[in-house]
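# Fold and geometry: a report
Spelled out from the first residue to the last, the chains are:
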Amino acid sequence: MEIVDFAPDHAEAFRTLNEAWIGKYFALEAKDRLVLGDPQGQIIDRGGRVFMAVKDGVAVGCAALLKMDDGGYKVAKMTVSEALRGSGLGRLLMQRCIDACAQMGATRLYLETNSGLAPALGLYRAMGFRDLAPAETAYVRADVFMERPY
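Residues numbered from 1 in each chain as written. Predicted model: local features only at pLDDT ≥ 70, side-chain atom pairs only at ≥ 80, totals over all residues. Heavy atoms only, no water.

### Some details on the packing of aromatic side chains
Applying the stated rule across the entire model yields four aromatic pairs. When the centroid spacing of 6.2 Å and the interplanar angle of 90° are considered together, the rings of Trp21 and Phe26 count as edge-to-face. Using a relative accessible area of 13% as the deciding quantity, one classes Trp21 as buried. With centroids separated by 6.3 Å and ring planes inclined at 50°, the aromatic side chains of Tyr25 and Phe26 adopt a geometry described as tilted. The ring of Tyr150 carries Arg148 above its face, with NZ or CZ at 5.6 Å from the centroid. (Phe/Tyr/Trp six-rings, centres within 6.5 Å; stacked < 30°, edge-to-face > 60°. Buried < 20%, exposed > 50% of the residue type's maximum accessible area, 1.4 Å probe, protein only. Lys NZ or Arg CZ within 6 Å of the ring centre and 35° of its normal.)

### What to know about the pattern of salt bridges
Following the criterion strictly, the structure yields 13 salt bridges and no others. As a salt-bridge pair, Glu147 and Arg108 come within 3.0 Å of each other at their nearest N and O atoms. Here Glu147 is found in strand S7 (residues 144–149), whereas its partner Arg108 is found in strand S5 (residues 108–113), with 39 residues between them in sequence. Considered together, Glu147 and Arg108 belong to a single accessibility category, that of buried residues. Salt bridges sharing common partners tie together Glu29, Asp32, Lys77 and Arg141. (Salt bridge = Lys/Arg side-chain N within 4 Å of Asp/Glu carboxyl O. Helix = DSSP H or I, 4+ residues; strand = E, 2+ residues; numbered from the N terminus.)

### Re the pairing of S7
The pairing of S5 with S7 spans six bridges and is classified as antiparallel. The residue of S7 that forms the bridge with Tyr110 is Glu147. As judged from the three bridges shared by strand S6 (residues 130–132) and S7, these two strands associate in the antiparallel manner. Counted as the bridge partner of Leu132 is Phe145 from S7. (Pairing = 2+ DSSP bridges.)

### Some details on the nonpolar core
Counting residues in hydrophobic clusters, the biggest one holds 27 residues, and the most contacted among them are Leu65, Leu93, Met94 and Leu109. At the level of secondary structure, the elements contributing two or more residues to this core comprise strand S2 (49–55), strand S3 (58–67), strand S4 (73–80), helix H4 (89–103), S5, helix H5 (118–126) and S7. Here the element with the most residues in this core is H4; it accounts for seven residues. Residue contacts for Met94: discarding those within four places in its chain leaves Val75, Met78, Leu109, Leu111, Tyr124, Met127 and Phe129. Within the second largest apolar cluster, 15 residues are counted, among which are Ala13, Val35, Leu36 and Val54. (Core = buried A, V, L, I, M, F, W, Y, C linked by side-chain atoms within 4.5 Å. Contact = heavy atoms within 4.5 Å.)

Written out as structure tokens, the structure reads:
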């Protein structure tokens with residue numbers, strides 16, 4: 001297993017991995033379609049990063065960092081294939097995000113999630129994220145807001 005930077009040939013896997021988890025729990029939203037349809041333009045070209053977890057040549061997980069105006073980064077589109085949930089891969093992806101933000105001089109790492117995703121919430125809290133007051137968001141499903149300051 002390795003975690004690598006996004007390459008154009010990862011675009012389909014990035015989209016399908018995210019569509020799978022979002023579709024299982026929620027409805028795909030307009031903002032999802034925009035970002036998943038163009039990770040290069042919507043994330044990377046705007047100063048963000050995308051990491052892909054690859055096992056035996058197959059993408060099995062991903063996480064994105066979207067650059068924010070305040071010097072922070074937002075964790076987004078983080079998922080692990082169904083078969084590898086509970087394997088610790090989510091923790092590895094989040095650690096890669098944390099390390100990348102430290103290297104880039106981020107002021108904070110921010111995320112939006114849903115209160116029904118208990119395993120994800122447990123991971124985020126275990127990795128130093130703290131709850132914030134509700135904020136304006138482009139996602140109907142987002143009802144938990146968290147950050148990890150640097």
